[in-house]
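Examining the three-dimensional arrangement
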Amino acid sequence: SARVSSGPWLSLSCDGGILREIARHPAVEEITLCEIDEKVPEVSRKFLPGMAKGFDDPRVTVVIDDGAQFISRKAAHWDVIIVDSSDPIGPNSSLFGRSFFEGIRAALAPGGIACTQAECVWLHMDMIAKMCTFLREIFPSVEYAFSCVPTYPCGQLGCFMINTTGASCKVPVREPSEEHQAQLRYYNRDMHTGAFAIPHFAKLKLEAKQ
């Protein structure tokens, strides 16, 4: 849903898969990955080379730092922030809290968007609803979507799509080229719009938080 932007994109993630997907877009000129553990990229290169090839793109800068602290150093800077965090257990729980997303709001450039890992409606509905409440107090547009990931519990993983302009992210603003689409195994326009169609119990729970 992001506009074609040559400006800076930030990924708070670890294995390089997000980098690989961002790097498919030639208009993006600057990509930064922030990872707290320097061993993670090393291990990913060794055991997950198909995803870790994103580290080799010349537009990528890898920063070893705490993500929350890193984004606080550049206000109104990032066009897109993608948070591909692990589960909210132990130290990672801060990446699911209000103060972290207030930091993201301050770090996004005007018109910026963010996407953050948001667990599964079949297992974590109360947590998702709680997040939805405070996110809508911070951002003008907050929408929940999910993708099918067979290796994850219940085969789904959700995310919150956040847009600082107030516009919806449900409809793609551009289409992959035929060449680009031929390289993709999951994404297409129908999967994009369909990702926002969530079970009715979850829809009611999140609508109650508006």
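Scroll up a little and you will see the structure.
Now for a look at the structure at hand.

Here is what the cut-offs are and how they apply
- Residues numbered from 1 in each chain as written.
- Predicted model: local features only at pLDDT ≥ 70, side-chain atom pairs only at ≥ 80, totals over all residues.
- Heavy atoms only, no water.
- Patch = residues over 30% accessible without salt bridge, like charges linked within 9 Å, V, L, I, M, F, W, Y side chains within 5 Å.
- Areas by Shrake-Rupley, 256 points an atom, 1.4 Å probe, with all protein chains shown as cover.
- Salt bridge = Lys/Arg side-chain N within 4 Å of Asp/Glu carboxyl O.
- Helix = DSSP H or I, 4+ residues; strand = E, 2+ residues; numbered from the N terminus.
- Axes fitted to C-alpha atoms, helices over the stretch in contact; angles between N-to-C directions.
- Parallel < 35°, antiparallel > 145°, perpendicular 65-115°, else oblique.
- Left-handed = near helix turned anticlockwise from the far one by under 90°.
- Contact = heavy atoms within 4.5 Å.
- Nonpolar A, V, L, I, M, F, W, Y, C, P; charged D, E, K, R; others polar.
- Buried < 20%, exposed > 50% of the residue type's maximum accessible area, 1.4 Å probe, protein only.
- Core = buried A, V, L, I, M, F, W, Y, C linked by side-chain atoms within 4.5 Å.

Moving on, we come to a nonpolar patch on the surface. Among the surface-exposed residues, Val43, Phe47 and Leu48 lie close enough to one another that they form a single nonpolar patch of about 280 Å² accessible area. Examined against the element boundaries, Leu48 turns out to sit in the loop between α2 (39-47) and α3 (49-52).

Running from amino to carboxyl end, helix α5 (residues 98-107) crosses helix α6 (residues 125-138) at an angle of 30°, the nearest separation of the two axes being 10 Å. One element, α5, and the other, α6, form an angle in the roughly parallel class. Helix-helix and strand crossings are classified by hand; for α5 and α6 the assignment is right-handed. In contact with Arg98, Phe101, Glu102 and Arg105 of α5, α6 contributes Met131, Phe134, Leu135, Glu137 and Ile138. Tallied by class, residues from the contact of α5 with α6 come to 5 nonpolar, no polar and 4 charged.

On to the pattern of salt bridges, then. One pass over the full model with this rule turns up 11 salt bridges. Among the ionic pairs, Lys39 bridges to Glu42, the shortest N-O distance being 3.6 Å. Of the two residues, Lys39 and Glu42 both sit in helix α2, 3 residues apart, roughly one turn of that helix. Take Lys39: its relative accessible area is 46%, and that puts it in the partly exposed class. The shortest N-O distance in the salt bridge between Asp57 and Arg59 comes to 2.8 Å. Of the two residues, Asp57 and Arg59, neither departs from the other in class, the shared state being buried. When salt bridges that share partners are traced, they join Arg20, Glu21 and Arg24 into one network.

Take the nonpolar core next. By size, the foremost hydrophobic cluster in this structure holds 36 residues, and its most contacted members are Ile81, Phe101, Ile104, Leu135, Phe139 and Phe160. No other element matches the 8 residues that α6 contributes to this core. The residues touching Leu135, leaving out its near neighbours within four places in the chain, are Phe101, Val142, Phe160 and Ile162. With 12 residues, the next largest nonpolar core counts Leu19, Ile31, Phe55 and Val80 among its residues.

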